[in-house]
Amino acid sequence: MSSAYIVGTARSAVGRRRGGLAGVHSADLAAQVLRALVDRSGVDPELVDDVIMGCIDTLGPQNGCIARTAWLAAGLPQHVPGVTIDRQCGSSQQAVHFAAQAVMSGTADFVVAGGVQNMSMIPMGSATVLGAEMGLGADPFVGSEGWKGRYGDQPVSQFHGAEKIAEKWSISREEMETLALESHRRAITAIDAGLFEPEIVEIAGVTIDEGPRRDSTAEKMASLRPLQEGGRLTAAMASQISDGASAVMVASGEAVERHGLTPLARVHTMAVVGSDPILMLTGPIDATHRVLQRSGLTLADIGVIEVNEAFASVVLAWQRELGADLAKVNVNGGAMALGHPIGASGTRLMTSMIAQMQRTGSRYGLQTMCEGGGQANATILELVE
């Protein structure tokens, strides 16, 4: 079985809601990242077997197959097909899994995996699960006798799940505010040090992640009202609504050798799990256990860890269960500061994780993220010297 290597990465800056990327058509947002990826990887685009992109809310400019539309909008070869997938927040991380599986099976040599989301242009609807479709009266749970028979009338909401996680793991508001403030501090430190600059493709003049707030303070966070009556979570403890695109080039070992490419990392181990859809956001715990078991590694072997900061309670519950050292987790900030363009976040995180592995010489990196409906992906990458 062939190995799967990542031979190039590219991402836009993450735009704040109604920020510098808000008016960029989703196809053009992704297209500019795809062109940069082809250039950076050194892969002849004629040789690409498929383009797999994550996107939620495939409405309006994201309608149809945005992977195909974006590739063509980039002026790249029209014989290359594309497919768009939805595994909620983990969509582009799942795109990497599908790309790696295609390469490892021997049915492809080069696959682009990525994602795009313009959340300013296509706003979220109901908070039940991420999705603008909810605002169109298309709640997937209402009217399903099978769902009601299994889960009753329990509320299905990411916010409800995040609040219940804080309760179940006895996570205080103060702990979550501390994590959120640290996320902003780390992100600002990374931006000021220029760490993200090599990753970012300039689009619409935007070259810096717009989410981090330099004026964030513990006092300001403490003054915010909870998202629900009597709750612990506030907006400061949640990922930011954002715009962005990202992509990686996945190649087989044979193709790397044949074309004289320089791989950045090897896809070492992959896992995806389902979890309680009411708590919804606990999947990273089981996904991490599974990917570590499959890999034969322990958390002590992992030098760089990215756990998507959908909510502060998600990361802290994961840390309690895994016993992880938070000093190694989201070292350059997470989604509470940098933002969460949902369809694009998986490969955005992976792009930044690979760069951090290179800077620190860490052999292994672990990425995991919770997903709507109670799911999670986990991926271990191995640095290629």
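Residues numbered from 1 in each chain as written. Predicted model: local features only at pLDDT ≥ 70, side-chain atom pairs only at ≥ 80, totals over all residues. Heavy atoms only, no water.

(A) Up close: the packing of aromatic side chains. Counted according to the given criterion, the structure contains two aromatic pairs. Look at W147 and Y151: their rings are 4.5 Å apart centre to centre, the planes differ by 40°, and that puts the pair in the tilted class. Of this pair, W147 and Y151 both sit in helix α4 (residues 145–151), four residues apart, roughly one helical turn. Given a relative accessible area of 18%, W147 falls into the buried group. Ring plane angle 85° and centroid distance 5.6 Å describe the contact between F159 and F311, whose orientation is recorded as edge-to-face. One end of the pair, F159, is in helix α5 (residues 158–168); the other, F311, is in the loop between β9 (304–307) and α10 (312–322), with 152 residues separating them in the sequence. Residue F311 is classed as buried on the basis of its relative accessible area, which comes to 2%. (Phe/Tyr/Trp six-rings, centres within 6.5 Å; stacked < 30°, edge-to-face > 60°. Helix = DSSP H or I, 4+ residues; strand = E, 2+ residues; numbered from the N terminus. Buried < 20%, exposed > 50% of the residue type's maximum accessible area, 1.4 Å probe, protein only.)

(B) The arrangement of the environment of H25 in detail. Mapped onto the elements, H25 comes out in the loop between β2 (15–16) and α1 (26–41). Sequence-wise, H25 and I6 are 19 residues apart; in three dimensions their C-alpha atoms are separated by 27 Å.

(C) Here's a closer look at the confidence of the model for the protein. Looking at the protein as a whole, the pLDDT averages 94, with 96% of positions reaching at least 70. Throughout residues 132–137 the model reports pLDDT below 50, and contacts reaching past four residues in sequence, or to other chains, amount to 18 contacts. (pLDDT = per-residue confidence, 0-100. Contact = heavy atoms within 4.5 Å.)

(D) Layout of the nonpolar core. Ranked by size, the top nonpolar core spans 49 residues in total, and within it I302, W318 and L366 carry the most contacts. For this core, the secondary structure elements donating two or more residues are α5, α6 (173–192), β8 (265–274), α9 (283–295), β9, α10, β10 (364–371) and β11 (375–383). Listed in part, the 47 residues of the second largest apolar core include V51, M53, L261 and L338. (Core = buried A, V, L, I, M, F, W, Y, C linked by side-chain atoms within 4.5 Å.)

(E) Focus on the environment of E321. Looking at the element boundaries, E321 is found in helix α10. Separated by 32 residues in the primary sequence, E321 and H289 have C-alpha atoms spaced 9.7 Å apart. Not counting residues within four places of it along the chain, the set of residues in contact with E321 comprises W169 and I285.

(F) Up close: the packing of α5 against α10. Relative to each other, α5 and α10 sit at 40°, their axes nearing to 9 Å. Comparing their axes, α10 and α5 come out oblique. Seen from above, α5 lies across α10 with left-handed handedness. Note on element contacts: α10 touches α5 through S313, V314 and A317, opposite A162, I165 and A166. Partitioning the contact of α5 with α10 into residue classes produces five nonpolar, one polar and no charged. (Axes fitted to C-alpha atoms, helices over the stretch in contact; angles between N-to-C directions. Parallel < 35°, antiparallel > 145°, perpendicular 65-115°, else oblique. Left-handed = near helix turned anticlockwise from the far one by under 90°. Nonpolar A, V, L, I, M, F, W, Y, C, P; charged D, E, K, R; others polar.)

(G) Structural view of the packing of α1 against helix α2 (residues 66–73). Where α1 meets α2, the axes come as close as 7 Å, and the angle between the chain directions of the two elements is 65°. Crossing hand, α1 versus α2: right-handed. Contact residues: S26, A27, D28, A30, A31, L34, R35 and V38 in α1; I66, T69, A70, W71 and A73 in α2.

(H) Representation of unusual backbone geometry. Even without being glycine, R18 reaches a positive phi, approximately 60°. Relative to the helices and strands, R18 resides in the loop between β2 and α1. The phi dihedral of Q88 is positive, around 50°, even though this residue is not glycine. Mapped onto the secondary structure, Q88 falls in the loop between β4 (82–85) and α3 (91–105). Looking at Q88, the relative accessible area reads 10%, which means it is buried.

(I) Just α2, in detail. Along α2, the positions that sit buried rather than exposed are I66, A67, A70 and W71. Buried residues in α2, looked at end-on, bunch into an arc of 135°, giving them a common side. Buried residues belonging to α2 abut α1, β3 (50–54), β4 and β5 (110–118). Positioned one or two residues after α2, G75 has a phi angle of 75°, which is positive. (Arc of directions from axis to C-beta.)

(J) Representation of the pairing of β4. Summarising the sheet, β3 and β4 pair through four bridges and their orientation is parallel. Residue V51 lies in a different strand from β4, and its bridge partner there is G82. (Pairing = 2+ DSSP bridges.)

(K) Looking closely at α6. Here α6 contains 20 residues, and its C-alpha end-to-end distance of 29 Å stays within 8% of the 28 Å for a straight helix at 1.5 Å per residue. The inward-facing, buried residues of α6 abut α5, α7 (218–222), α10 and α11 (335–338). Positive backbone phi, approximately 75°, marks G194, located one or two places after α6. (Expected span 1.5 Å × (residues − 1).)

(L) Layout of the pattern of salt bridges. In the structure shown here, the tally under the stated rule is 12 salt bridges. One salt bridge in this structure joins R173 and E177, with 2.7 Å as the shortest N-O distance. Residue R173 and its partner E177 are both found in helix α6; the two are separated by four residues, about one turn of the helix. Considered together, R173 and E177 belong to a single accessibility category, that of buried residues. Taken together, the salt bridges that share partners define one network made up of R11, E199 and D209. (Salt bridge = Lys/Arg side-chain N within 4 Å of Asp/Glu carboxyl O.)

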